[in-house]
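# Report on the structure
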Amino acid sequence: MPSDLQITNIRDQANANSAITIASDGQITVNQDNPTITLGTNTTFPTGHVIQTKTHTFEPTAHQDLTTTPDDALGSNLQVTITPNHTSNTLIVTCFLGNVYNFGTTNHSLDAGFKYHADWTGTPVTLGLREFVTNQHLRLGSNTVLMANFYFQTIATAPVTTPIIIRPWFKTNTGDVRIFDNSSSTVNQATLTVMEIQA
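Residues numbered from 1 in each chain as written. Predicted model: local features only at pLDDT ≥ 70, side-chain atom pairs only at ≥ 80, totals over all residues. Heavy atoms only, no water.

Another point: the layout of surface pockets. Considered as a void within the structure, the largest pocket measures approximately 240 Å³ in volume. Surrounding the largest pocket, Leu39, Gly40, Thr41, Asn42, Thr43, Thr44, Phe45, Ile51, Asn85, His86, Asn89 and Gln198 form its lining. Looking at the lining of the largest pocket residue by residue, the classes come out as three nonpolar, nine polar and no charged. (1 Å grid on protein atoms, 1.4 Å probe; cavity = no way out; pocket = protein on both sides within 12 Å on 5 of 7 lines; lining within 4 Å. Points joined across faces, edges and corners; volume = space filled by probe spheres on them. Nonpolar A, V, L, I, M, F, W, Y, C, P; charged D, E, K, R; others polar.)

Further remarks concern the side chain of His108. As for its position among the elements, His108 is in the loop between strand E7 (90–101) and strand E8 (109–117). A residue is classified by how much of its surface remains accessible, and His108, at 11% relative accessible area, is buried. With sequence-adjacent residues up to four places away left out, His108 is seen in contact with Asn102, Phe103, His137, Leu138, Arg139, Asn173, Thr174, Gly175, Asp176 and Val177. (Helix = DSSP H or I, 4+ residues; strand = E, 2+ residues; numbered from the N terminus. Buried < 20%, exposed > 50% of the residue type's maximum accessible area, 1.4 Å probe, protein only. Contact = heavy atoms within 4.5 Å.)

This brings us to the pattern of salt bridges. Per the counting criterion, the structure on display carries five salt bridges. For Asp72, the salt bridge identified is with Arg167, shortest N-O distance 2.5 Å. On the criterion of sequence distance, the pair formed by Asp72 in the loop between strand E5 (64–66) and strand E6 (80–82) and Arg167 in strand E12 (residues 164–173) is long-range, its members being 95 residues apart. Considered together, Asp72 and Arg167 belong to a single accessibility category, that of buried residues. In this structure, Asp181 engages Arg178 in a salt bridge whose closest nitrogen and oxygen atoms are separated by 3.6 Å. (Salt bridge = Lys/Arg side-chain N within 4 Å of Asp/Glu carboxyl O.)

Where burial is concerned, most of E12 is hidden: ten out of the ten residues are buried. Alignment of E6 against E12, held across three bridges, turns out to be antiparallel. Across the sheet, Thr81 pairs through a bridge with Ile165, a residue of E12. (Pairing = 2+ DSSP bridges.)

Here we take up unusual backbone geometry. Non-glycine residue Asn107 carries a positive phi angle of around 70 degrees. Here Asn107 lies in the loop between E7 and E8. Residue class for Asn107 comes out partly exposed when judged on its relative accessible area of 24%. The residue Trp120 is not glycine, and still its phi comes out positive at about 60 degrees. With respect to the helices, strands and loops of the structure, Trp120 is situated in the loop between E8 and strand E9 (125–126). Its relative accessible area of 14% is what places Trp120 among the buried residues.

Mapped onto the secondary structure, Ser109 falls in strand E8. Owing to a relative accessible area of 0%, Ser109 belongs among the buried residues under this scheme. For the pair formed by Ser109 and Leu138, sequence separation is 29 residues and the distance between their alpha carbons is 5.2 Å. When sequence neighbours within four positions are dropped, the list of residues in contact with Ser109 reads Gln136, His137, Leu138, Arg139, Lys171, Thr172, Asn173 and Val177.

Below, the structure is given as structure tokens:
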């Protein structure tokens, strides 16, 4: 017959400490400063749970000019390596660039998105539905100086369950656009964040 097990404490192997305490209201407390809980390979988190977060920060000391040729202009200076757990999960990818400058020239603007590859020795693949998730950032119809920080994001289904390297992908319109303008050892940075979300 089914039965209940009633318990207050689960003690450690040396019987010296209460490793786990179960309160009268059912609350469970792990009585360790740095507990390690090992989960099996088939562990499933609740839908919407952040499974892992990977980040990278680049601290430039000089500006960099982007061109009309689509590429990963920052290369390995701004990239995240991640191994998705399942192809039904979601990746949320965000990038921040400090001080983007349009050279004060009519219609100079910036498109940006994200691409991935196992090692970036071959042709990278677009992450998400569009190669460029933003279009014509900083575009003005006159020769007017415009500087602004740039933040862009995509949400995509995890494409594989093997390690991939994700990088921002850029292309300018009409002419060059400068990023990290007026950089120094104390001014400007770029960040890249990738989160995997349980489906």
